[in-house]
Amino acid sequence: MILKGKKALIVGIANERSIAWAIAKQFKAHGAELAFTYPNDAIKKRLDPLAQEIGSQIVLPCDVASDEEIKKLFADLKKHWTNFDILIHGAAFAQKDELSGGFLNTTREGFRVALDISAYSLIGLVKEALPMLNQGGSVLTLSYYGSSKVVQNYNIMGVAKAALEASVRYLAWDLGSKGIRVNAISAGPIKTLAASGIRGFRSILESVGQLSALKRNISAEEVGKSALYFASDLSSGVTGEVHFVDGGFNTGALQMPPAAPNSPINS
Ligand code: NAD
Ligand code: 0WE
């Protein structure tokens, strides 16, 4: 029960496949109390039964594109909790047109939207959460390899994740003296709502399955288990980090197909 007595606010559950939902399930199993947010009524419909299933009464609206809604979120949360310990940020969005074709076709508005929802939102949420965040608290966000290496079609989301990861480091320094840690998990590809409709996502899964050290894809549950470490006292000395949960994919370079048994390469 490493999160017994801890309270966690989780932003970014869209349905039962969401990475943030897998995190919520681990937190619950380890004793945490949970609160959730949703950006619109369509997502609220999905989230309500999940919150009920996990025994949480706190389900609050927040479109992270709006400063007012972020402020209102913490005013609403205050009616349930005077303070809390863990903030999970799993919100990301880019306009669909931006996630295919050449990066040069990125529009000014596409850039603005992707960085606003996927990167600024962490700063905006942390700023308003801070008065309620306990010492020893932990903030965790979700990133992807495309922040640092070019992944075809990830485009402006890669730039947004680079901004997100840099924000993790700067926030870690601002919050360090308050005893609050800020980290990111960089997850391998997982078939969620945000991955559906991405052209070629299946072949990304297939390649990573073959090219990772573990020779398989990772699950949302595995991200959830690693999130337990970041949210709990187990990682009390760790802040400003971007930690890969990708089966070792990012550590590899050139991979060769195995040589045939009778190949001269073997003699
Ligand atoms: P998901 O679609 O389940 O989650 C994305 C969430 O972002 C949704 O809950 C959605 O409601 C929320 N969101 C979008 N716009 C919002 C707004 N304006 N206000 C508030 N919330 C908003 O997909 P997921 O794959 O679980 O994504 C969660 C996080 O994990 C994202 O940051 C994503 O970039 C990251 N990630 C995903 C993968 C993957 O392969 N699925 C890999 C690495 C990192
Ligand atoms: O961060 C993500 C997905 C982010 C995402 C997904 C969508 C799809 C629907 C952001 N905005 C939108 N907007 C939509 O309209 N991932 C890490 C998953 C992902 O997305 C890719 C990937 C991978 C991996 C897009 C292109 C290439 C690879």
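Criteria and cut-off values
Residues numbered from 1 in each chain as written. Chains lettered and ligands numbered in written order. Predicted model: local features only at pLDDT ≥ 70, side-chain atom pairs only at ≥ 80, totals over all residues. Heavy atoms only, no water. Near = heavy atom within 4 Å. Polar contact = N/O pair within 3.5 Å; in protein donor to acceptor, adjacent residues only side chain to side chain. Areas by Shrake-Rupley, 256 points an atom, 1.4 Å probe, with all protein chains shown as cover. Nonpolar A, V, L, I, M, F, W, Y, C, P; charged D, E, K, R; others polar. Axes fitted to C-alpha atoms, helices over the stretch in contact; angles between N-to-C directions. Helix = DSSP H or I, 4+ residues; strand = E, 2+ residues; numbered from the N terminus. Left-handed = near helix turned anticlockwise from the far one by under 90°. Contact = heavy atoms within 4.5 Å.

Novice: Now, about the site of ligand 1: what can you tell me, with residues and values included?
Specialist: What surrounds ligand 1 is a group of 27 residues, the closest being Ser-18, Asp-63, Lys-161, Ile-190 and Thr-192. Take Ala-14: an N or O atom from its main chain is 3.2 Å from an oxygen atom of ligand 1. A distance of 2.8 Å is found between an oxygen atom of ligand 1 and a side-chain nitrogen or oxygen belonging to Lys-161. For ligand 1, whose free accessible area comes to 810 Å², the fraction covered by protein is 91%. Here the residues of the shell around ligand 1 are counted per class, giving 19 nonpolar, six polar and two charged.

Novice: Outline the packing of helix α3 (residues 67-78) against helix α4 (residues 108-129), supporting the account with residue identities and numerical values.
Specialist: Where α3 contacts α4, the axes come no closer than 9 Å and their chain directions differ by 40 degrees. Two packed elements cross with a definite hand, and for α3 against α4 that hand is right-handed. Across the interface between the two elements, Asp-67, Ile-70, Lys-71, Leu-73 and Phe-74 from α3 touch Tyr-120, Gly-124, Leu-125, Glu-128 and Ala-129 from α4. Here the contact of α3 with α4 is composed, by residue class, of six nonpolar, one polar and three charged.

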